[in-house]
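Each chain is listed here by its residues.
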Amino acid sequence: MQKKYAQANEFENSQILYSGEYVLKKTKAYERNANEICNVNTYRIIYKKKNEPAIKSFLPNPSCIRAQISSALNKAQQFYPQLQCDIELDDNNTCFTIGRLEKEIVNLDNDIQAIVIFNKVECLNEEMMNSIHLLVDFSNLIRVMNLEEHCRQFIHQFESSKRSQMISSKTMELIAQSIYQNKQKIKIQDISQMRGYPTCIQITKDCENQTLEDGNIFRVGYQPQLTVRKIYNKFENFFQRYSSRPNVDDMIFDALQALQSRVQFSGVDDSVSELFMHVQERSINKSEYMQRLEDENLMIQTKLYAALDKNCILLQTQKDENPIEHFLLVADQKNTFHFGRMEFSDIAFQSTQVSRNHGTIQFMPSNNKWIIMDGQKNFDQWKTSTFGVWLQMNPKTFYFLDPEQIVKVGSTNIKLIPNNCQINNEDTDDSIQLNKFINQREEEIEELTKTLLDQ
(Lines give C-alpha, C1' and ligand atoms only; values in the text may rest on other atoms or scores of the structure.)
Protein backbone atom coordinates (compact mmCIF):
# COMPACT_ATOMS: atom_id res chain seq x y z
CA MET A 1 0.00 0.00 0.00
CA GLN A 2 1.47 3.33 -1.05
CA LYS A 3 1.65 6.16 1.48
CA LYS A 4 -0.34 9.31 0.86
CA TYR A 5 1.37 12.45 2.10
CA ALA A 6 -0.61 15.24 3.73
CA GLN A 7 -0.14 17.94 6.29
CA ALA A 8 -1.54 17.33 9.77
CA ASN A 9 -3.40 20.48 10.76
CA GLU A 10 -3.48 19.39 14.41
CA PHE A 11 0.31 19.51 14.74
CA GLU A 12 2.58 22.50 14.87
CA ASN A 13 5.07 20.78 12.55
CA SER A 14 4.28 19.05 9.31
CA GLN A 15 3.91 15.28 9.66
CA ILE A 16 3.74 12.44 7.14
CA LEU A 17 0.37 10.70 7.32
CA TYR A 18 -0.97 7.51 5.81
CA SER A 19 -3.95 7.18 3.48
CA GLY A 20 -7.36 6.62 5.04
CA GLU A 21 -7.69 3.33 3.16
CA TYR A 22 -4.39 2.08 4.60
CA VAL A 23 -5.38 3.00 8.16
CA LEU A 24 -8.84 1.47 7.78
CA LYS A 25 -7.46 -1.87 6.59
CA LYS A 26 -5.20 -2.03 9.66
CA THR A 27 -8.20 -2.20 12.01
CA LYS A 28 -9.67 -5.45 13.35
CA ALA A 29 -13.17 -4.16 12.59
CA TYR A 30 -12.38 -3.98 8.88
CA GLU A 31 -11.56 -7.70 8.81
CA ARG A 32 -15.01 -8.55 10.20
CA ASN A 33 -17.20 -5.76 8.78
CA ALA A 34 -15.50 -4.52 5.59
CA ASN A 35 -18.68 -4.44 3.49
CA GLU A 36 -20.74 -2.55 6.08
CA ILE A 37 -18.01 0.02 6.70
CA CYS A 38 -17.33 0.69 3.01
CA ASN A 39 -20.99 0.75 1.97
CA VAL A 40 -21.91 3.42 4.53
CA ASN A 41 -18.59 5.28 4.21
CA THR A 42 -19.17 7.52 7.24
CA TYR A 43 -16.07 6.54 9.22
CA ARG A 44 -13.70 9.25 10.38
CA ILE A 45 -9.96 9.17 11.11
CA ILE A 46 -8.19 11.48 13.57
CA TYR A 47 -4.36 11.55 13.57
CA LYS A 48 -2.51 12.33 16.79
CA LYS A 49 0.88 12.14 18.41
CA LYS A 50 1.36 9.22 20.75
CA ASN A 51 0.90 9.96 24.46
CA GLU A 52 -0.93 13.20 23.61
CA PRO A 53 -4.69 13.75 23.55
CA ALA A 54 -6.43 14.29 20.25
CA ILE A 55 -7.02 17.99 19.73
CA LYS A 56 -10.63 19.01 19.30
CA SER A 57 -11.94 22.34 18.13
CA PHE A 58 -14.97 23.71 19.97
CA LEU A 59 -17.29 26.29 18.47
CA PRO A 60 -19.31 28.67 20.66
CA ASN A 61 -22.90 27.37 20.83
CA PRO A 62 -22.48 25.07 17.81
CA SER A 63 -25.44 23.68 15.92
CA CYS A 64 -25.47 20.00 16.71
CA ILE A 65 -27.54 16.87 17.17
CA ARG A 66 -27.68 15.67 20.75
CA ALA A 67 -27.87 11.87 20.90
CA GLN A 68 -29.26 10.50 24.14
CA ILE A 69 -29.13 6.77 24.98
CA SER A 70 -31.05 4.83 27.61
CA SER A 71 -30.82 1.07 28.21
CA ALA A 72 -34.48 0.88 29.28
CA LEU A 73 -37.48 3.06 30.03
CA ASN A 74 -38.55 3.32 33.67
CA LYS A 75 -41.75 1.81 35.10
CA ALA A 76 -43.73 4.82 33.93
CA GLN A 77 -42.18 4.38 30.45
CA GLN A 78 -40.32 7.68 30.79
CA PHE A 79 -37.00 8.27 29.05
CA TYR A 80 -33.96 9.12 31.20
CA PRO A 81 -30.66 9.34 29.29
CA GLN A 82 -27.71 7.35 30.63
CA LEU A 83 -25.35 8.47 27.85
CA GLN A 84 -25.28 11.71 25.90
CA CYS A 85 -23.08 13.05 23.10
CA ASP A 86 -23.24 15.99 20.70
CA ILE A 87 -22.57 15.63 16.97
CA GLU A 88 -21.72 18.95 15.31
CA LEU A 89 -23.44 19.70 12.01
CA ASP A 90 -21.04 19.66 9.09
CA ASP A 91 -21.85 20.90 5.56
CA ASN A 92 -19.34 18.47 4.03
CA ASN A 93 -20.53 15.34 5.82
CA THR A 94 -24.26 15.28 6.58
CA CYS A 95 -24.55 11.67 7.80
CA PHE A 96 -23.36 9.62 10.75
CA THR A 97 -24.02 6.12 12.05
CA ILE A 98 -25.07 4.43 15.29
CA GLY A 99 -23.96 0.89 16.13
CA ARG A 100 -21.96 -1.51 18.30
CA LEU A 101 -18.64 -1.09 16.50
CA GLU A 102 -16.13 0.56 18.83
CA LYS A 103 -13.48 3.02 17.69
CA GLU A 104 -9.94 1.67 17.26
CA ILE A 105 -6.45 3.09 17.62
CA VAL A 106 -3.92 2.18 14.92
CA ASN A 107 -0.19 2.68 15.51
CA LEU A 108 1.34 4.01 12.29
CA ASP A 109 4.96 4.65 13.35
CA ASN A 110 6.93 5.68 16.40
CA ASP A 111 5.31 9.10 16.65
CA ILE A 112 1.85 8.92 15.06
CA GLN A 113 -1.38 7.15 15.92
CA ALA A 114 -4.71 7.17 14.08
CA ILE A 115 -8.07 6.96 15.81
CA VAL A 116 -10.65 5.34 13.51
CA ILE A 117 -14.21 6.28 14.48
CA PHE A 118 -16.80 4.01 12.85
CA ASN A 119 -19.92 5.22 14.67
CA LYS A 120 -20.51 8.67 16.10
CA VAL A 121 -22.79 7.00 18.66
CA GLU A 122 -21.65 3.67 20.14
CA CYS A 123 -24.04 1.22 21.82
CA LEU A 124 -21.58 -1.44 22.87
CA ASN A 125 -23.86 -3.47 25.16
CA GLU A 126 -26.91 -3.90 22.88
CA GLU A 127 -26.95 -7.50 21.60
CA MET A 128 -29.78 -6.78 19.12
CA MET A 129 -27.74 -4.04 17.44
CA ASN A 130 -25.47 -4.66 14.47
CA SER A 131 -21.95 -3.28 14.17
CA ILE A 132 -23.30 -0.41 12.02
CA HIS A 133 -27.04 -0.29 12.58
CA LEU A 134 -28.60 3.14 11.94
CA LEU A 135 -27.77 5.82 9.38
CA VAL A 136 -28.70 9.35 10.46
CA ASP A 137 -29.04 12.06 7.78
CA PHE A 138 -29.21 15.68 8.95
CA SER A 139 -28.81 17.34 5.52
CA ASN A 140 -32.32 18.84 5.81
CA LEU A 141 -31.28 20.73 8.93
CA ILE A 142 -28.59 22.55 6.96
CA ARG A 143 -30.33 23.30 3.68
CA VAL A 144 -33.72 22.53 2.17
CA MET A 145 -34.46 22.89 -1.53
CA ASN A 146 -37.59 24.73 -2.59
CA LEU A 147 -40.04 23.01 -4.91
CA GLU A 148 -38.72 24.45 -8.17
CA GLU A 149 -35.11 23.61 -7.30
CA HIS A 150 -36.10 20.08 -6.25
CA CYS A 151 -37.95 19.47 -9.55
CA ARG A 152 -35.05 20.81 -11.60
CA GLN A 153 -32.52 18.58 -9.83
CA PHE A 154 -34.77 15.50 -9.99
CA ILE A 155 -35.39 15.91 -13.74
CA HIS A 156 -31.67 16.46 -14.37
CA GLN A 157 -30.80 13.23 -12.54
CA PHE A 158 -33.64 11.29 -14.15
CA GLU A 159 -32.74 12.38 -17.69
CA SER A 160 -29.40 10.61 -17.37
CA SER A 161 -31.12 7.24 -16.86
CA LYS A 162 -32.36 4.92 -19.61
CA ARG A 163 -35.97 5.16 -18.40
CA SER A 164 -36.10 8.88 -19.17
CA GLN A 165 -36.61 8.11 -22.89
CA MET A 166 -40.00 6.54 -22.08
CA ILE A 167 -41.29 9.40 -19.88
CA SER A 168 -42.11 12.96 -20.88
CA SER A 169 -40.66 15.94 -19.06
CA LYS A 170 -44.14 16.86 -17.80
CA THR A 171 -44.56 13.42 -16.25
CA MET A 172 -41.11 13.64 -14.66
CA GLU A 173 -42.07 16.98 -13.16
CA LEU A 174 -45.25 15.47 -11.68
CA ILE A 175 -43.21 12.61 -10.19
CA ALA A 176 -40.79 15.12 -8.68
CA GLN A 177 -43.64 17.07 -7.09
CA SER A 178 -45.16 13.90 -5.62
CA ILE A 179 -41.96 13.02 -3.71
CA TYR A 180 -41.17 16.58 -2.63
CA GLN A 181 -40.76 16.95 1.12
CA ASN A 182 -39.58 20.18 2.66
CA LYS A 183 -39.07 19.34 6.32
CA GLN A 184 -36.13 20.56 8.35
CA LYS A 185 -35.96 17.40 10.40
CA ILE A 186 -33.59 14.52 11.00
CA LYS A 187 -33.98 11.43 8.80
CA ILE A 188 -33.05 7.95 10.00
CA GLN A 189 -32.63 4.62 8.21
CA ASP A 190 -32.09 1.02 9.39
CA ILE A 191 -29.11 -0.35 7.45
CA SER A 192 -28.43 -3.33 9.73
CA GLN A 193 -29.93 -6.05 7.47
CA MET A 194 -30.84 -7.93 10.66
CA ARG A 195 -33.96 -10.05 10.14
CA GLY A 196 -36.34 -10.71 12.98
CA TYR A 197 -35.09 -7.80 15.09
CA PRO A 198 -36.87 -4.71 13.75
CA THR A 199 -35.93 -1.18 14.72
CA CYS A 200 -39.00 0.70 15.99
CA ILE A 201 -40.03 4.35 16.19
CA GLN A 202 -42.28 5.55 18.99
CA ILE A 203 -45.69 6.87 17.92
CA THR A 204 -47.25 9.55 20.14
CA LYS A 205 -50.43 11.61 19.90
CA ASP A 206 -49.02 14.04 17.32
CA CYS A 207 -45.81 13.04 15.59
CA GLU A 208 -44.07 11.94 12.42
CA ASN A 209 -44.85 8.54 10.86
CA GLN A 210 -48.37 8.29 12.32
CA THR A 211 -50.05 8.39 8.89
CA LEU A 212 -51.09 4.85 8.03
CA GLU A 213 -49.88 3.27 4.78
CA ASP A 214 -50.34 -0.18 3.23
CA GLY A 215 -47.93 -2.65 4.81
CA ASN A 216 -47.24 -0.65 8.00
CA ILE A 217 -46.59 -2.89 11.01
CA PHE A 218 -47.03 -1.47 14.50
CA ARG A 219 -46.10 -2.98 17.84
CA VAL A 220 -48.84 -2.46 20.41
CA GLY A 221 -46.78 -2.74 23.56
CA TYR A 222 -43.85 -5.10 22.94
CA GLN A 223 -45.14 -8.11 20.99
CA PRO A 224 -48.74 -7.72 19.74
CA GLN A 225 -48.76 -6.54 16.13
CA LEU A 226 -51.18 -4.31 14.25
CA THR A 227 -50.67 -4.51 10.48
CA VAL A 228 -52.23 -2.27 7.81
CA ARG A 229 -53.34 -4.73 5.14
CA LYS A 230 -55.06 -2.34 2.72
CA ILE A 231 -56.53 1.16 2.60
CA TYR A 232 -59.57 1.59 0.31
CA ASN A 233 -60.85 4.90 -1.02
CA LYS A 234 -64.32 3.37 -1.09
CA PHE A 235 -65.95 0.70 1.09
CA GLU A 236 -67.33 -0.81 -2.13
CA ASN A 237 -63.78 -1.47 -3.41
CA PHE A 238 -63.21 -3.94 -0.57
CA PHE A 239 -66.00 -6.20 -1.86
CA GLN A 240 -64.93 -5.77 -5.49
CA ARG A 241 -61.61 -7.35 -4.59
CA TYR A 242 -63.36 -10.66 -3.82
CA SER A 243 -66.27 -10.60 -6.29
CA SER A 244 -66.89 -9.22 -9.80
CA ARG A 245 -70.68 -9.60 -9.82
CA PRO A 246 -72.33 -6.51 -11.45
CA ASN A 247 -75.23 -6.41 -8.98
CA VAL A 248 -74.09 -4.73 -5.74
CA ASP A 249 -76.12 -6.95 -3.40
CA ASP A 250 -74.91 -10.14 -5.12
CA MET A 251 -71.33 -8.88 -5.11
CA ILE A 252 -71.35 -8.15 -1.36
CA PHE A 253 -72.90 -11.52 -0.47
CA ASP A 254 -70.42 -13.47 -2.64
CA ALA A 255 -67.48 -11.45 -1.32
CA LEU A 256 -68.42 -12.07 2.32
CA GLN A 257 -68.58 -15.81 1.71
CA ALA A 258 -65.31 -15.77 -0.24
CA LEU A 259 -63.33 -14.33 2.69
CA GLN A 260 -60.81 -16.86 3.98
CA SER A 261 -60.97 -15.52 7.53
CA ARG A 262 -63.70 -13.64 9.35
CA VAL A 263 -63.61 -9.83 9.17
CA GLN A 264 -65.10 -7.72 11.93
CA PHE A 265 -66.74 -4.55 10.60
CA SER A 266 -66.75 -1.32 12.59
CA GLY A 267 -67.96 2.17 11.74
CA VAL A 268 -71.06 1.01 9.84
CA ASP A 269 -74.53 0.71 11.34
CA ASP A 270 -74.84 -2.18 13.84
CA SER A 271 -77.57 -3.81 11.74
CA VAL A 272 -75.21 -3.93 8.73
CA SER A 273 -72.26 -5.40 10.67
CA GLU A 274 -74.56 -7.99 12.31
CA LEU A 275 -75.93 -9.06 8.91
CA PHE A 276 -72.37 -9.35 7.54
CA MET A 277 -71.40 -11.54 10.50
CA HIS A 278 -74.29 -13.97 9.80
CA VAL A 279 -73.28 -14.22 6.13
CA GLN A 280 -69.64 -14.96 7.00
CA GLU A 281 -70.69 -17.60 9.54
CA ARG A 282 -73.11 -19.03 6.94
CA SER A 283 -75.93 -18.98 9.47
CA ILE A 284 -78.24 -17.50 6.81
CA ASN A 285 -78.57 -18.28 3.09
CA LYS A 286 -78.76 -15.79 0.23
CA SER A 287 -82.56 -15.53 0.14
CA GLU A 288 -82.64 -14.77 3.89
CA TYR A 289 -79.87 -12.24 3.39
CA MET A 290 -81.82 -10.47 0.63
CA GLN A 291 -85.01 -10.56 2.68
CA ARG A 292 -83.36 -8.81 5.64
CA LEU A 293 -81.51 -6.42 3.37
CA GLU A 294 -84.69 -5.28 1.62
CA ASP A 295 -86.83 -5.06 4.77
CA GLU A 296 -88.09 -1.45 4.69
CA ASN A 297 -88.57 -1.35 8.47
CA LEU A 298 -84.92 -2.19 9.13
CA MET A 299 -83.58 0.10 6.35
CA ILE A 300 -80.38 -1.98 6.21
CA GLN A 301 -80.01 -1.58 2.45
CA THR A 302 -80.29 2.23 2.69
CA LYS A 303 -77.65 2.35 5.46
CA LEU A 304 -75.37 0.00 3.54
CA TYR A 305 -75.59 1.93 0.28
CA ALA A 306 -74.83 5.17 2.12
CA ALA A 307 -71.60 3.65 3.46
CA LEU A 308 -70.29 2.20 0.17
CA ASP A 309 -68.67 5.49 -0.91
CA LYS A 310 -66.88 5.99 2.43
CA ASN A 311 -63.18 5.47 3.07
CA CYS A 312 -62.14 2.30 4.92
CA ILE A 313 -59.05 0.48 6.15
CA LEU A 314 -58.36 -3.25 6.64
CA LEU A 315 -56.22 -4.10 9.67
CA GLN A 316 -54.78 -7.33 11.02
CA THR A 317 -53.78 -8.22 14.61
CA GLN A 318 -51.55 -11.02 15.80
CA LYS A 319 -49.67 -12.12 18.91
CA ASP A 320 -47.69 -15.35 19.07
CA GLU A 321 -50.08 -18.25 19.63
CA ASN A 322 -53.23 -16.15 19.33
CA PRO A 323 -55.04 -16.48 15.96
CA ILE A 324 -54.83 -13.72 13.36
CA GLU A 325 -57.86 -11.42 13.39
CA HIS A 326 -59.02 -8.95 10.73
CA PHE A 327 -60.86 -5.67 11.27
CA LEU A 328 -62.37 -3.32 8.68
CA LEU A 329 -62.88 0.25 9.89
CA VAL A 330 -65.33 2.28 7.80
CA ALA A 331 -65.46 6.07 8.13
CA ASP A 332 -69.26 6.15 7.97
CA GLN A 333 -70.96 6.37 11.37
CA LYS A 334 -67.77 7.73 12.97
CA ASN A 335 -64.18 8.72 12.14
CA THR A 336 -62.51 7.79 15.43
CA PHE A 337 -61.80 4.18 16.44
CA HIS A 338 -60.18 2.74 19.55
CA PHE A 339 -57.98 -0.27 20.21
CA GLY A 340 -57.06 -1.84 23.53
CA ARG A 341 -57.81 -4.64 25.96
CA MET A 342 -61.43 -3.61 26.58
CA GLU A 343 -64.01 -5.91 24.98
CA PHE A 344 -65.98 -3.00 23.51
CA SER A 345 -62.91 -1.61 21.69
CA ASP A 346 -63.18 -1.48 17.90
CA ILE A 347 -60.02 -3.59 17.86
CA ALA A 348 -59.69 -5.76 20.97
CA PHE A 349 -56.39 -7.35 22.07
CA GLN A 350 -55.99 -10.15 24.59
CA SER A 351 -52.60 -9.32 26.05
CA THR A 352 -51.40 -7.87 29.34
CA GLN A 353 -48.91 -5.75 27.36
CA VAL A 354 -51.85 -3.83 25.91
CA SER A 355 -53.57 -1.18 28.03
CA ARG A 356 -57.33 -1.25 28.40
CA ASN A 357 -57.57 2.01 26.44
CA HIS A 358 -54.35 1.75 24.49
CA GLY A 359 -54.60 3.77 21.29
CA THR A 360 -56.66 5.55 18.66
CA ILE A 361 -57.04 5.28 14.88
CA GLN A 362 -58.66 8.26 13.17
CA PHE A 363 -59.75 9.11 9.66
CA MET A 364 -58.96 12.70 8.62
CA PRO A 365 -61.56 13.88 6.03
CA SER A 366 -59.50 17.00 5.27
CA ASN A 367 -56.79 14.97 3.49
CA ASN A 368 -58.37 11.48 3.25
CA LYS A 369 -55.67 10.03 5.51
CA TRP A 370 -55.78 7.56 8.40
CA ILE A 371 -53.56 8.21 11.42
CA ILE A 372 -52.66 6.22 14.52
CA MET A 373 -52.07 7.67 17.99
CA ASP A 374 -50.87 6.34 21.31
CA GLY A 375 -53.53 6.82 23.99
CA GLN A 376 -57.17 7.81 24.09
CA LYS A 377 -59.16 10.83 25.17
CA ASN A 378 -60.61 10.38 28.65
CA PHE A 379 -63.12 13.17 29.26
CA ASP A 380 -61.00 16.30 28.63
CA GLN A 381 -57.60 14.64 29.11
CA TRP A 382 -55.47 12.53 26.80
CA LYS A 383 -54.24 9.40 28.56
CA THR A 384 -51.35 7.47 27.00
CA SER A 385 -50.78 3.71 27.19
CA THR A 386 -48.29 1.96 29.46
CA PHE A 387 -46.04 0.34 26.83
CA GLY A 388 -46.67 2.59 23.84
CA VAL A 389 -47.25 2.18 20.11
CA TRP A 390 -44.20 1.55 17.91
CA LEU A 391 -43.77 1.59 14.13
CA GLN A 392 -41.49 -1.12 12.74
CA MET A 393 -39.02 0.48 10.34
CA ASN A 394 -38.68 -1.03 6.89
CA PRO A 395 -35.02 -1.66 5.99
CA LYS A 396 -33.23 0.92 3.83
CA THR A 397 -36.11 3.40 4.12
CA PHE A 398 -35.65 6.91 5.51
CA TYR A 399 -38.04 8.15 8.22
CA PHE A 400 -38.37 11.70 9.52
CA LEU A 401 -38.09 12.11 13.28
CA ASP A 402 -39.49 14.60 15.76
CA PRO A 403 -37.08 15.66 18.56
CA GLU A 404 -39.03 13.81 21.25
CA GLN A 405 -39.56 10.55 19.34
CA ILE A 406 -37.71 7.50 20.66
CA VAL A 407 -36.00 4.98 18.37
CA LYS A 408 -35.82 1.50 19.91
CA VAL A 409 -33.29 -1.22 19.03
CA GLY A 410 -33.70 -4.22 21.33
CA SER A 411 -33.72 -2.75 24.84
CA THR A 412 -31.80 0.38 23.82
CA ASN A 413 -33.74 3.64 23.45
CA ILE A 414 -32.31 6.53 21.42
CA LYS A 415 -33.32 10.17 21.08
CA LEU A 416 -31.85 12.51 18.46
CA ILE A 417 -32.49 16.14 19.38
CA PRO A 418 -31.40 19.05 17.12
CA ASN A 419 -29.72 21.77 19.18
CA ASN A 420 -29.52 25.38 17.96
CA CYS A 421 -31.24 24.33 14.72
CA GLN A 422 -34.37 25.66 13.10
CA ILE A 423 -37.06 22.97 12.88
CA ASN A 424 -39.75 23.17 10.21
CA ASN A 425 -42.72 20.80 10.55
CA GLU A 426 -44.41 21.63 7.27
CA ASP A 427 -44.22 19.42 4.21
CA THR A 428 -44.30 22.42 1.91
CA ASP A 429 -43.35 25.97 2.81
CA ASP A 430 -43.70 27.21 -0.75
CA SER A 431 -47.47 26.71 -1.07
CA ILE A 432 -47.77 29.58 -3.56
CA GLN A 433 -45.23 27.94 -5.83
CA LEU A 434 -46.95 24.56 -5.47
CA ASN A 435 -50.28 26.09 -6.52
CA LYS A 436 -48.51 27.69 -9.46
CA PHE A 437 -47.32 24.27 -10.64
CA ILE A 438 -50.80 22.78 -10.22
CA ASN A 439 -52.51 25.61 -12.13
CA GLN A 440 -49.91 25.42 -14.88
CA ARG A 441 -50.48 21.67 -15.22
CA GLU A 442 -54.28 22.12 -15.39
CA GLU A 443 -53.90 24.73 -18.15
CA GLU A 444 -51.63 22.42 -20.17
CA ILE A 445 -54.11 19.53 -19.86
CA GLU A 446 -56.95 21.83 -20.96
CA GLU A 447 -54.96 23.01 -24.00
CA LEU A 448 -54.08 19.42 -24.93
CA THR A 449 -57.76 18.40 -24.66
CA LYS A 450 -58.82 21.24 -26.98
CA THR A 451 -56.15 20.28 -29.50
CA LEU A 452 -57.31 16.67 -29.57
CA LEU A 453 -60.95 17.71 -29.99
CA ASP A 454 -60.06 20.02 -32.89
CA GLN A 455 -58.36 17.15 -34.66
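Heads up: these notes are all about the structure in this document. Bear in mind that the values here come from a model prediction, so they are computed numbers and not experimental data.

So, on to the overall build of the chain. The number of helices and strands found in the chain is eleven helices and 25 strands. Taking all 455 residues of the chain together, 45% fall into the buried category. In the chain, the share of contacts with a sequence separation of at least 24, taken over all contacts with a separation of at least 6, comes to 65%. Working note: accessible area of the chain is about 26,200 Å², and carbon and sulfur atoms make up 44% of it.

With respect to topology, eleven strands assemble into an open sheet ordered β3-β2-β25-β24-β10-β22-β11-β12-β14-β15-β13, the strand pairing being mixed. The open sheet has two edge strands, β3 (83-88) and β13 (263-266), and neither has a second partner. The mean angle between the axes of side-by-side strands here comes to 30 degrees, regardless of whether they run parallel or antiparallel. Here strand β24 (residues 407-409) runs beside strand β25 (residues 412-419); their pairing, made up of three bridges, is antiparallel. In the sheet register, Lys408 faces β25, and the bridge partner there is Asn413.

Further remarks concern the sheet that holds strand β1 (residues 44-49). With respect to topology, three strands assemble into an open sheet ordered β1-β6-β5, the strand pairing being antiparallel. In the strand order of this sheet, the two ends are held by β1 and β5 (104-107), each with one partner. Taking each pair of neighbouring strands and ignoring which way they run, the sheet shows an average axis angle of 25 degrees. Across four bridges, the pairing between β5 and strand β6 (residues 112-117) is antiparallel.

A few words on the packing of aromatic side chains. Throughout the structure, instances matching the rule amount to 15 aromatic pairs. Relative to Phe138, the ring of Phe96 has its centre 6.2 Å away and its plane inclined at 35 degrees; by these criteria the two rings are tilted. Linking Phe96 in strand β4 (residues 95-99) with Phe138 in the loop between β8 (134-137) and α3 (139-142), this pair joins segments that are 42 residues apart in sequence. Both residues of the pair, Phe96 and Phe138, count as buried. Members of the aromatic cluster, connected to one another through ring pairs, are Tyr232, Phe235, Phe238, Phe239, Tyr242, Phe265 and Phe276. It is Lys205 that lies over the ring of Trp382; its NZ or CZ is 5.0 Å from the centre.

As a further point, take the packing of helix α7 (residues 248-258) against helix α8 (residues 270-280). Running from amino to carboxyl end, α7 crosses α8 at an angle of 55 degrees, the nearest separation of the two axes being 8 Å. With respect to α8, the element α7 is oriented oblique. Of the two possible hands of crossing, α7 and α8 adopt the one that is right-handed. Counting all contacts with α7, which are made through Ile252, Phe253, Leu256 and Gln257, the residues of α8 involved are Phe276, Val279 and Gln280. Of the residues assigned to the contact of α7 with α8, the class counts are five nonpolar, two polar and no charged.

Here the focus is the nonpolar core. Judged by nonpolar contacts, the single largest core of 46 residues is most densely connected at Ile98, Ile361 and Leu416. No other element matches the three residues that strand β2 (residues 64-70) contributes to this core. Non-local contacts of Ile98, meaning those with residues more than four positions away in its chain, are made with Asn119, Val121, Cys123, Met129, Ile132, His133, Leu134, Val136, Ile414 and Leu416. Core analysis: the next-biggest nonpolar cluster, separate from the first, contains 29 residues, Phe239, Val268, Ile300 and Leu328 among them.

This part takes up the environment of Ile406. Considering the arrangement of structural elements, one finds Ile406 in the loop between β23 (399-401) and β24. On the basis of relative accessible area, Ile406 is assigned to the buried category, the value being 3%. Among all residues touching Ile406, those that are not within four sequence positions of it are Leu73, Phe79, Cys200, Ile201, Gln202, Trp390, Asn413, Ile414 and Lys415.

Of note, Gln193 is a non-glycine position whose phi angle comes to about 60 degrees, a positive value. Positionally, Gln193 belongs in the loop between β9 (186-190) and β10 (200-203). Judged by its relative accessible area of 61%, Gln193 falls in the exposed class. A positive phi angle, close to 55 degrees, is found at Arg282, a residue other than glycine. Looking at where Arg282 falls in the secondary structure, it is placed in the loop between α8 and α9 (286-293). Arg282 sits in the exposed class, given a relative accessible area of 51%.

This part is about the packing of α8 against α9. Their axes nearest at 11 Å, the elements α8 and α9 cross at an angle of 175 degrees. As far as their axial angle goes, α9 and α8 are roughly antiparallel. Contacts between α8 and α9 involve Leu275, His278 and Val279 from the former and Tyr289, Arg292 and Leu293 from the latter.

Tallying each qualifying case throughout the model produces 13 salt bridges. Taking the shortest distance from any N to any O, the salt bridge between Lys185 and Asp402 comes out at 2.4 Å. In this pair, Lys185 sits in the loop between α5 (169-178) and β9 while Asp402 sits in the loop between β23 and β24, placing the two residues 217 residues apart along the sequence. Asp402 matches Lys185 in its accessibility class, with the two residues each being buried. Put simply, Lys310 and Asp332 hold a salt bridge, and the shortest N to O gap is 3.1 Å. Of this pair, Lys310 sits in the loop between α10 (300-307) and β14 (312-319) while Asp332 is found in the loop between β15 (322-330) and β16 (336-340), placing the two residues 22 residues apart along the sequence. Taken together, the salt bridges that share partners define one network made up of Arg245, Asp250, Asp254 and Lys286.

As a further point, take the pairing of β15. Where β13 lies against β15, four bridges are found, and the strand directions are parallel. Across the sheet, residue Val263 finds its bridge partner in β15, namely His326.

So, on to the side chain of Glu126. Secondary-structure assignment places Glu126 in the loop between β7 (121-122) and β8. Summary of buried charges: Glu126 has no salt-bridge partner, and the nearest side chain of opposite charge, Arg100, is 7.4 Å away. With near-sequence residues (within four places) excluded, Glu126 lies in contact with Arg100, Val409, Gly410, Ser411 and Thr412.

Here is what the cut-offs are and how they apply
Residues numbered from 1 in each chain as written. Predicted model: local features only at pLDDT ≥ 70, side-chain atom pairs only at ≥ 80, totals over all residues. Heavy atoms only, no water. Helix = DSSP H or I, 4+ residues; strand = E, 2+ residues; numbered from the N terminus. Buried < 20%, exposed > 50% of the residue type's maximum accessible area, 1.4 Å probe, protein only. Contact = heavy atoms within 4.5 Å. Areas by Shrake-Rupley, 256 points an atom, 1.4 Å probe, with all protein chains shown as cover. Pairing = 2+ DSSP bridges. Axes fitted to C-alpha atoms, helices over the stretch in contact; angles between N-to-C directions. Phe/Tyr/Trp six-rings, centres within 6.5 Å; stacked < 30°, edge-to-face > 60°. Lys NZ or Arg CZ within 6 Å of the ring centre and 35° of its normal. Parallel < 35°, antiparallel > 145°, perpendicular 65-115°, else oblique. Left-handed = near helix turned anticlockwise from the far one by under 90°. Nonpolar A, V, L, I, M, F, W, Y, C, P; charged D, E, K, R; others polar. Core = buried A, V, L, I, M, F, W, Y, C linked by side-chain atoms within 4.5 Å. Salt bridge = Lys/Arg side-chain N within 4 Å of Asp/Glu carboxyl O. Lys, Arg positive; Asp, Glu negative; His and termini not counted.

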